[in-house]
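Read off the chains here:
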Amino acid sequence: MTIKTNLILLVFSFSLLACTSKERTSHASAEWPEITQTAKPWTRWWWMGSAVDKENISSLMESYKEAGLGGVEIAPIYGAKGYEDRYIEYLSDDWLEMLEFTINKADSLGMGVDLTQGTGWPFGGPQVSLENAATSLKIQNYLIEDDKPFNTPIVFQRRSENQPVAKLIAVMAYDENLQSKNITEFLGKDGKLNWNEAGNWQIKAIFLDKTGQKVKRAAPGGVGFTLDHFSKPAVDYYNSYFQNALSGKTYGFRAFYNDSFEVYGADFTDGFFEEFEKLRGYDLKEYLPYFESDEDSEIVRRIKSDYRETINDLLLSNFTKNWTEWAHSQSKLTKNQAHGSPGNLLDLYAAVDIPECETFGSSYFPIPGLRRDSADIRNVDPDPIMLKFASSAAHLTGKNLVSSETFTWLGEHFKSSFSQMKPEVEQAFLAGVNHIFYHGVTYSPEDVPYPGWLFYASLNLTQQNSLWPHFNEFNQFIARSQSILQTGKPDNELLVYWPVYDVWAEHKGKMEMITVHAVDEWLHPTDFYKQSKKLMESGYSLDFISDDMIANSKVEKGAIKTSESNSGKVLIIPETDFMPITTLKNLIDLADEGAKIIFQSKPKSIPGFSSELASSQAKFDQLWESLNFENGKSEHGNGHIYLSNDIQSTLEEIEILREELVDTGLDFIRRKTNDGTYYFLVNHSPNTINQGISLNVDSNQLILFDPLTGNRGMLETKKMGNKTMIDIFMKSGESIFIKAIEGKVDLDLPKWPNYNNPENSVDISSNWNLTFNQGQPSLPSSQAMLTIHPWTDQEDQAADDFSGQATYTSKFEFTKSVGKSYLLSIDKVNESAKIWINDQYAGAIWSIPYQLDVTEQLQNGSNSIKIEVANLMANSIRYLDRNEIEWRNYHEINFVNIDYKPFDATDWKTMPSGIDGKVMISQYE
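Throughout what follows, the structure given in this document is the object of discussion. What you are looking at is a predicted structure, and each value in this text was computed from that prediction instead of being measured.

### Some thoughts on the overall build of the chain
Now for step 1: Broken down by element type, the chain carries 20 helices and 42 strands.
Now for step 2: The C-alpha radius of gyration computed for the chain amounts to 30 Å, which stays within 12% of the reference 29 Å derived for 925 residues, consistent with globular compactness.
Now for step 3: Structurally, the chain occupies a C-alpha span of about 105 × 75 × 55 Å along its principal axes.
Now for step 4: Out of the 925 residues in the chain, the part that is buried amounts to 62%.
Now for step 5: Long-range pairs, those at least 24 residues apart, make up 79% of the contacts in the chain with a sequence separation of at least 6.

Set out below in structure tokens:
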């Protein structure tokens, strides 16, 4: 590939990112933004055993396109038993041929492709030599007592005979005052220590060991050691391996992908002590007794903070930035999950092109009627604030896309509905996510019997899923939402400093892995979290900012610009134990330029350890005292620095206004375009919200966009100073977009209907017929119903076992009035319904509240109605297990339940399926 070609492809890749914000602002103000490739949801696409072929790739991708997916992320993993003859070795010529075919097919369909840079996870494989494999620090302790001979040989104590002998780094001696001596030179090749200085000594033999971790869930040709992410030579070799494998052709996928940091026990690398001394200014080996201690003392906290900061520096420079630079040289972008790593999440996310977070488990939403069975969910409590580390990094560095691995272990296999997915994905949107990746879809060839090949931790939204024929309806909701959420730029007024040095100063343990599963330890107890949560709940929009981001910010017209496309009005420093003096200087410099900065309190200390700690702390204190606060305020240059424990009161004092709409129970996020402001409003409260609300915008024209249906309409507005008032009616579970237009634009849109109080309602629940269209294990007999009801629990075992689609039909008389709106409502849908009235498709109902505007399809007089319902796979899977029909037979982990135990659906209860309760049509003004 030529340099010119590389440059053209890289510019094209970045243009895909840029167009999502720049091009869409040119559309007419009242139109939905264009549904682009990136606006549609993408999916992780597991290639089991890489047992793929062109015919199935082609047909599957066509079905993905039809279902509304915008792209796939290829992830080769272990394979299904009995199909070994179809396996293709990873990166072999045959495998690369399949990759090329996939990319070309995707291109012909207008879809995109990303590629996991390896198989399974984390990075690793057969190309990773023992030298380049993940590394750990092992310290063996000995005691020398005064006047007693020491004859114990100092040799590495292997865990097993197969474990390689670790490399000796040094032997250190520490006296009773923990003063150290390097006595490595006195250790003989036989392990005998020829050193006998008087006194009682701790002896520490320091070894460079290998974790021995292999790639998890590796595909054929991908088995091997996990990579040493802290070693630049190791990362360079790993990248060059892929560069060589992909050379010779232009593979037009968009991005390389890296999954969450699941490198267990890797806490060291060759040359670490030298790098540590270069970066921190002292020899860590001299302080190992403190490093190994869990004592809650100042020196232990400072030593461990320096160690963790060094680990972060190596991960950031040797892996993340290095990897991204290499990918750009190959005309590719990078997409990365930083969570789970031992580094500064904000800086790690910021170092890639598309930061990716993860929704793991099921959140509790108090939406009436939303199913949440405790037996079907993992014992986790997802926190959307965790998602904001990725979105903040993207926002503050001017990157438009924030992706999310979505619905990982949302619920037990085969029991997750669109209605459960919707609030989870809305919560991600509210946190700044705008590029959804499903977790996910498994490649399954046509000849594999039901339920096809499945991945053990997946939502299993495959073409075999009974919900698949309705999947496009859910995907349209996401695509419409993301078309707006990728438009313009974020509109967050606050920047909140994340004091990562407080996290690094934890006295327990060695590494500090910043994971989604340990937020109760490193996140929830902090003032950073408490203040951020309080401010968001009060109606403020915010992003998190790191020390490095502060250093790279500037001030224009009083706004703190973190990039050319992002700025904040105020920078908030929550209560902080440790802050570098350089950060305090940078904050004061921003104030000099005109910024507003609020400290909750004085940062207590500078981080880390050094021989000049006292003098450095004195300089920090002196710099702080120079602020000369009077009544909690310091005028500094062109800006102001405030000292206040009541941050919200100070924000009000300086006229940074909150969005009062949150007092109703609504949640929101804003996007700013060149012709107005979008609000995404979500009602996850248990109540219907029916009242006036204010928006912090000055606008005479507001358009409501319904992401469920694509409908639009004008809202009546009332001005109150610089705010705009509207009446809002949102049932629990609903979400809408509102666009506040700047200036006056001629808009030819109808008024949005007032669905508040129905003028009258007609019950059409009587006299229905039910026929079964397609599904597993067989089609039950048709049913006639005096009153519509579910097809399950009616003493029909075939119906109880059925998963698929069935159609309810009926006829009814109706009096339709001109100029009125009509809403079809169903008490309960299990789980998704497509509606036809008078043979015209009206739309789908799959989320709470179960309702649909049918004004256009309804006619005066006789009407026909058809409701196609798709239920869950659960009942048919139970049938397979009860009849001992083998369907899960995979290498590696095989197939487990949500608690990682062997999966068995034999004792499952029947999942309700079909229409439950009344079917009504209501008339509105």
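Moving on, there is more to tell.
### Quick word on empty space enclosed by the protein
Now for step 1: Taken as a whole, this structure holds eight cavities of 30 Å³ or more when the rule is applied.
Now for step 2: Computed from the structure, the largest cavity encloses a volume of approximately 160 Å³.
Now for step 3: Classifying every residue of the lining of the largest cavity by side-chain character gives five nonpolar, five polar and seven charged.
Now for step 4: Counted as a void, the second largest cavity has a volume near 110 Å³.
Now for step 5: Of the residues that constitute the lining of the second largest cavity, the class distribution is eleven nonpolar, five polar and two charged.

### Overview of the nonpolar core
Within soluble globular proteins, side chains that are nonpolar tend to cluster in buried spots.
Now for step 1: Grouped together as the largest cluster of nonpolar side chains are 215 residues, with contacts concentrated most on Trp-45, Phe-389, Trp-522 and Leu-571.
Now for step 2: Residue contributions to this core peak at eleven residues, all from helix H7 (residues 298-329).
Now for step 3: With residues near it in sequence (within four places) discarded, Trp-45 still touches Ile-57, Leu-60, Met-61, Tyr-64, Val-72, Glu-73, Ile-74, Ala-75, Thr-102, Val-441, Thr-442 and Tyr-443.
Now for step 4: Counting residues in each nonpolar core, the second largest holds 36 residues, with Ile-367, Trp-791, Phe-814 and Ala-833 among its members.

### Brief notes about unusual backbone geometry
Now for step 1: With omega at 10°, the peptide bond leading from Asn-830 into Glu-831 counts as cis.
Now for step 2: With respect to the helices and strands, Glu-831 occurs in the loop between strand S37 (821-830) and strand S38 (832-837).
Now for step 3: For the peptide bond that leads from Ile-848 to Pro-849, omega is 0°, which places it in the cis range.
Now for step 4: As for its placement among the helices and strands, Pro-849 is situated in the loop between strand S39 (840-845) and strand S40 (851-853).
Now for step 5: Of note, the phi angle at Asn-631 is positive, near 55°, even though the residue is not glycine.
Now for step 6: Backbone geometry at Glu-795 places phi at a positive 60°, although glycine is not the residue there.

### Notes on the packing of aromatic side chains
Now for step 1: Overall, the coordinates contain 79 aromatic pairs when judged by the stated rule.
Now for step 2: Residues Phe-123 and Trp-323 carry aromatic rings whose centres are separated by 5.8 Å and whose planes lie at 80° to one another, so their mutual orientation is edge-to-face. With Phe-123 in the loop between strand S3 (112-116) and strand S4 (124-125) and Trp-323 in helix H7, the pair connects residues that are 200 residues apart, well separated along the chain. Each member of the pair, Phe-123 together with Trp-323, is buried.
Now for step 3: Ring geometry for Phe-418 versus Phe-474: centroids 5.2 Å apart, planes at 5°, classification stacked. Within this pair, whereas Phe-418 is found in helix H10 (residues 418-430), its partner Phe-474 is found in helix H11 (residues 471-485), the two being separated by 56 residues in sequence.
Now for step 4: Above the ring of Phe-273, the side-chain terminus of Lys-285 is found at 5.1 Å from the ring centroid.
Now for step 5: Its guanidinium or amino end placed over the ring of Trp-908, Lys-415 lies 4.1 Å from that ring's centre, counting from NZ or CZ.

### Digging into the side chain of Lys-304
Now for step 1: Its location among the elements puts Lys-304 in helix H7.
Now for step 2: Of the residues examined, Lys-304 reaches a relative accessible area of 1% and is grouped as buried.
Now for step 3: Those residues in contact with Lys-304 that sit more than four places away from it in its chain are Tyr-290, Phe-291, Ser-293, Asp-294, Trp-504, Glu-506, His-507, Lys-508 and Gly-509.

### Here's the deal with the sheet that holds strand S33 (residues 760-763)
Now for step 1: In space, the four strands of this open sheet follow the order S33-S42-S37-S40, with antiparallel pairing throughout. Here the strands that pair on one side only, and so sit at the sheet edges, are S33 and S40. The average undirected angle you get between the axes of adjacent strands in this sheet is 25°.

### Some remarks on the pairing of S3
Now for step 1: Of all five residues in S3, five are buried; the element is thus mostly enclosed.
Now for step 2: Of the two faces of S3, the one lined by Gly-112, Asp-114 and Thr-116 and the one lined by Val-113 and Leu-115 are each fully buried.
Now for step 3: In this structure, strand S2 (residues 71-77) lies alongside S3, joined through four bridges in parallel fashion. By the bridge assignment for S3, Glu-73 is matched with Asp-114.

### Overview of the pattern of salt bridges
Now for step 1: Under the defined criterion, the tally for this structure stands at 50 salt bridges.
Now for step 2: Of the charged contacts, one joins Lys-285 and Asp-283 as a salt bridge, the two residues approaching to 3.2 Å between their closest N and O atoms.
Now for step 3: Between Lys-820 and Glu-759 there is a salt bridge, with the nearest N and O atoms lying 3.2 Å from each other. Of this pair, Lys-820 sits in the loop between strand S36 (803-814) and S37 while Glu-759 sits in the loop between strand S32 (735-741) and S33, and the two are 61 residues apart along the sequence.
Now for step 4: One salt-bridge network, in which partners are shared between bridges, spans Arg-44, Glu-73, Asp-259, Lys-335, Glu-356 and Glu-405.

### A closer look at the sheet that holds S32
Now for step 1: Spatially, the six strands line up as an open sheet ordered S15-S25-S26-S32-S28-S29, and their pairing is antiparallel. Only two strands of the sheet have a single neighbouring strand rather than two, namely strand S15 (489-490) and strand S29 (712-715).
Now for step 2: Here two bridges tie S15 to strand S25 (residues 667-673), and the two strands are oriented antiparallel to one another. Across the sheet, Lys-489 pairs through a bridge with Lys-672, a residue of S25.
Now for step 3: Each of S25, strand S26 (676-682) and S32 is contacted by H10, which is oriented at about 145° to S26, the strand it contacts most.

### Examining the packing of helix H5 (residues 272-280) against H7
Relative orientation and spacing of two packed helices are given, respectively, by the angle between their axes and the distance between those axes.
Now for step 1: Where H5 meets H7, the axes come as close as 10 Å, and the angle between the chain directions of the two elements is 105°. Looking at the two axes, H5 sits roughly perpendicular to H7. Counted together, Phe-272, Glu-275, Phe-276, Leu-279 and Arg-280 of H5 and Asp-306, Tyr-307, Glu-309, Thr-310, Ile-311, Asp-313 and Leu-314 of H7 form the full contact between these two elements.
Now for step 2: Tallied by class, the residues present in the contact of H5 with H7 amount to six nonpolar, one polar and five charged.

### Here we look at the side chain of Ser-58
Now for step 1: Note on placement: Ser-58 falls in helix H2 (residues 54-67).
Now for step 2: Beyond its immediate sequence surroundings of up to four residues, Ser-58 is in contact with Phe-101 and Lys-105.

### Side note on H2
Now for step 1: Over its 14 residues, H2 runs 20 Å from end to end, which matches the ideal 20 Å to within 8%, given 1.5 Å per residue.
Now for step 2: Of the surrounding secondary structure, the elements contacted by the buried residues of H2 are strand S1 (42-48), S2, helix H3 (93-109), strand S14 (435-442) and H11.
Now for step 3: Where H2 begins, the capping side chain belongs to Asp-53, and its oxygen is found 3.1 Å from the backbone nitrogen of Glu-55.

### Section: the packing of H2 against H3
Now for step 1: Running from amino to carboxyl end, H2 crosses H3 at an angle of 30°, the nearest separation of the two axes being 10 Å. Here H3 runs roughly parallel to H2, going by the angle between their axes. Helix-helix and strand crossings are classified by hand; for H2 and H3 the assignment is right-handed. Residues Lys-54, Ile-57, Ser-58, Met-61, Glu-62 and Lys-65 of H2 form the contact with H3, whose own contacting residues are Glu-97, Met-98, Phe-101, Thr-102, Lys-105, Ala-106 and Leu-109.
Now for step 2: A per-class count over the contact of H2 with H3 returns six nonpolar, two polar and five charged.

### A look at the environment of Phe-365
Now for step 1: Position of Phe-365 relative to the elements: it lies in the loop between strand S12 (354-360) and helix H9 (384-396).
Now for step 2: Setting aside its immediate chain neighbours within four residues, Phe-365 contacts Leu-370, Pro-423, Glu-424, Gln-427 and His-684.

### What to know about the environment of Tyr-529
Now for step 1: As for its position among the elements, Tyr-529 is in helix H14 (residues 527-538).
Now for step 2: Residues Tyr-529 and Lys-54 lie 475 residues apart in sequence; the distance between their C-alpha atoms is 50 Å.
Now for step 3: Setting aside its immediate chain neighbours within four residues, Tyr-529 contacts Asp-383, Ile-385, Leu-523 and His-524.

What counts as what
Counting starts from 1 at the beginning of each chain's written sequence and moves along it residue by residue. Given that this is a predicted model, residues contribute local features only at a pLDDT of at least 70 and side-chain atom pairs are listed and counted only at 80 or more, while totals for whole chains, interfaces and linings are drawn from all residues. Side-chain numbers come from the whole structure's heavy atoms, not from hydrogens or water. In this description a helix means any DSSP run of H or I spanning at least four residues, a strand means any run of E spanning at least two, and both kinds are numbered starting from the N terminus. Radius of gyration here uses only the C-alpha atoms, and the compact-globule reference equals 2.2 Å multiplied by the residue count raised to the power 0.38. The buried label applies to any residue whose accessible area, calculated with a 1.4 Å probe on protein chains only, is under 20% of its type's maximum; exposed applies above 50%, and partly exposed to all values in between. Here a residue-residue contact requires only that any non-hydrogen atoms of the pair lie within 4.5 Å. Buried and open spaces are told apart on a 1 Å grid over the protein atoms alone, a cavity being a set of points where a 1.4 Å probe fits but cannot get out and a pocket being an open set with protein on both sides within 12 Å along at least five of seven lines. Residues with an atom within 4 Å of a point are the lining residues. Grid points are joined across faces, edges and corners, and a volume is the space filled by probe spheres set on the points. Residue polarity is assigned by list, with Asp, Glu, Lys and Arg as charged and Ala, Val, Leu, Ile, Met, Phe, Trp, Tyr, Cys and Pro as nonpolar; anything else, Gly included, falls into the polar class. We call a set of buried Ala, Val, Leu, Ile, Met, Phe, Trp, Tyr and Cys residues a nonpolar core when their side-chain atoms join them within 4.5 Å. Paired rings are identified among Phe, Tyr and Trp, the last through its six-membered ring, by centres lying within 6.5 Å, and are further divided according to the angle between planes into stacked (under 30 degrees), edge-to-face (over 60) and tilted (the rest). Any Lys NZ or Arg CZ that is within 6 Å of a ring centre and within 35 degrees of that ring's normal is treated as a charge sitting over the ring. Two strands pair under a simple rule: DSSP has to find at least two bridges between them. Fitting a line to C-alpha atoms yields each axis, with helices limited to the stretch in contact; the angle taken between N-to-C directions then spans 0 to 180 degrees. Salt bridge criterion: a side-chain nitrogen from Lys or Arg within 4 Å of a carboxyl oxygen from Asp or Glu. Comment on the angle field: the value is read as roughly parallel under 35 degrees, roughly antiparallel over 145, roughly perpendicular from 65 to 115, and oblique elsewhere. An expected span of 1.5 Å times one less than the residue number is assigned to each helix. In protein, a polar contact requires one atom able to donate a hydrogen and another able to accept it; more generally it is a pair of N or O atoms within 3.5 Å, and residues adjacent in sequence count only if both atoms are side-chain atoms. Definitions for this section: a left-handed crossing has its near helix turned counterclockwise from the far helix by less than a right angle. A right-handed crossing has that turn clockwise.

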